[in-house]
Amino acid sequence: GRALLTHAGPPPHIGPSLVRLPKTMAEFDLDVGAAMRLYQGDDGLMPTLQIADLRALQSKDGNSDDSNKRFRVMLSDGQHYVTAMLSSQLNPLVLDGKLEKFTVVKLTEYLCQTINNRKIIIALQLDVGGKPLDIIGQPIACEQAASSGDAPQPPPMGGNQPSAPRTLGAGGNYGQPQN
């Protein structure tokens with residue numbers, strides 16, 4: 001008989017780390033894909049997202065009263081993140097330390113607005129979830145993804161298209177055959 005069965009169980013060091021690893025991720029189910037949908041203006045969601053970053057904006061009139069501070073957050077779904085402003089009624093959550101960087105939140109009410117050609121989500125209501133120790137995933141900005149081609153979009157000019165001036169002849173009545 002060969003002595004192959006001596007290592008039947010997994011090496012002891014695998015056990016605890018396996019249990020510990022998913023803790024940070026699996027506990028926090030982010031709605032992957034939600035950031036991009038928010039960015040595209042979808043306002044029927046109640047997504048679970050992570051605050052990848054949180055900053056207080058300087059108020060224009062220079063007064064630093066906490067009650068009318070505006071906070072900007074980056075909301076991440078683990079793949080992408082989108083910029084959002086917290087409405088002032090959510091400020092107490094930030095000031096009380098309930099809402100901070102890496103907190104997982106469920107966005108229950110929000111508005112999508114375009115300001116200066118930038119899409120901004122205004123968070124009106126959210127439920128605070130747990131707080132992992134770190135960012136989940138490696139999210140990139142929706143703007144970046146939309147321009148780099150991760151998001152579904154027409155291929156860039158000069159890709160594998162036969163000839164560049166195809167803007168008019170595609171689908172419209174412009175492309176009448178010339179005699």
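Residues numbered from 1 in each chain as written. Predicted model: local features only at pLDDT ≥ 70, side-chain atom pairs only at ≥ 80, totals over all residues. Heavy atoms only, no water.

1. Some remarks on the overall build of the protein
- Scanning the protein from N- to C-terminus turns up 4 helices and 6 strands.
- Each helix (α) and strand (β) of the protein, taken in turn from the N terminus, gives the series α-α-β-β-β-α-β-β-β-α.
- Buried residues in the protein amount to 30% of all 179 residues.
- Taking the intrachain contacts of the protein between residues at least 6 apart in sequence as the baseline, contacts between residues at least 24 apart amount to 62%.
- Accessible surface for the protein amounts to roughly 12000 Å². Of this, 53% is attributable to carbon and sulfur atoms. (Helix = DSSP H or I, 4+ residues; strand = E, 2+ residues; numbered from the N terminus. Buried < 20%, exposed > 50% of the residue type's maximum accessible area, 1.4 Å probe, protein only. Contact = heavy atoms within 4.5 Å. Areas by Shrake-Rupley, 256 points an atom, 1.4 Å probe, with all protein chains shown as cover.)

2. Quick word on the pattern of salt bridges
- Scanning the entire structure with this criterion turns up 5 salt bridges.
- Among the salt bridges present, the one from Arg37 reaches Asp42, with a minimum N-O distance of 2.8 Å.
- A relative accessible area of 42% means that Arg37 is categorised as partly exposed.
- Taking the relative accessible area as the measure of exposure, Asp42 reaches 26% and is therefore partly exposed.
- Close ionic contact of Arg55 with Asp53 constitutes a salt bridge, the shortest N to O distance being 2.9 Å.
- According to the relative accessible area criterion, Arg55 is partly exposed, its value standing at 45%. (Salt bridge = Lys/Arg side-chain N within 4 Å of Asp/Glu carboxyl O.)

3. As for the confidence of the model for the protein
- Of all residues in the protein, 63% attain a pLDDT of 70 or more, and the chain-wide mean is 77.
- Across residues 14-24, where pLDDT falls below 50, the model places 4 contacts with residues more than four positions away in sequence or in other chains.
- Low confidence marks residues 151-156, where pLDDT is under 50. Its contacts with residues over four positions away, or in another chain, come to 7 contacts. (pLDDT = per-residue confidence, 0-100.)

4. Describing the packing of aromatic side chains
- Summed over the entire model, instances satisfying the criterion amount to 0 aromatic pairs.
- Geometry around Tyr39 places Lys119 over its ring, the cationic atom sitting 4.8 Å from the centre. (Phe/Tyr/Trp six-rings, centres within 6.5 Å; stacked < 30°, edge-to-face > 60°. Lys NZ or Arg CZ within 6 Å of the ring centre and 35° of its normal.)

5. Structural notes on the side chain of Ser76
- Inspection of the secondary structure puts Ser76 in strand S2 (residues 70-76).
- On the basis of relative accessible area, Ser76 is assigned to the buried category, the value being 0%.
- Polar contacts involving the side chain of Ser76 include one to the main-chain amide nitrogen of Gly78, which spans 2.9 Å.
- Discounting chain neighbours no more than four positions away, the residues touching Ser76 are Leu30, Leu49, Gln50, Ala52, Tyr81, Ile136 and Pro139. (Polar contact = N/O pair within 3.5 Å; in protein donor to acceptor, adjacent residues only side chain to side chain.)

6. As for the nonpolar core
- Leu38, Leu75, Val82, Leu86, Leu107 and Leu126 are the most contacted members of the largest nonpolar core, which totals 25 residues.
- Among the elements of the structure, helix H2 (34-39), strand S1 (48-57), S2, strand S3 (80-86), strand S4 (104-115), strand S5 (118-128) and helix H4 (142-148) are those that each provide at least two residues to this core.
- Among the elements that line this core, the one with the most residues is H2, at 5 residues.
- Excluding its chain neighbours within four sequence positions, the residues that come into contact with Leu126 are Leu86, Leu90, Leu93, Leu99, Val105, Lys106, Leu107 and Thr108. (Core = buried A, V, L, I, M, F, W, Y, C linked by side-chain atoms within 4.5 Å.)

7. Quick look at the side chain of Thr103
- Here Thr103 is to be found in the loop between helix H3 (91-95) and S4.
- Residue classification places Thr103 among the buried positions, given a relative accessible area of 1%.
- A polar side-chain atom of Thr103 sits 2.8 Å from the main-chain carbonyl oxygen of Glu100.
- With residues up to four places along the chain from it excluded, the contact list for Thr103 reads Leu49, Gln50, Ile51, Lys98, Val128, Gly129, Gly130 and Lys131.

8. Side note on the pairing of S5
- Here S3 runs beside S5; their pairing, made up of 3 bridges, is parallel. Directly across from Met85, in S5, lies its bridge partner Ile122.
- With 10 bridges connecting them, S4 and S5 associate as antiparallel partners. The partner of Val105 across the bridge, within S5, is Val128. (Pairing = 2+ DSSP bridges.)

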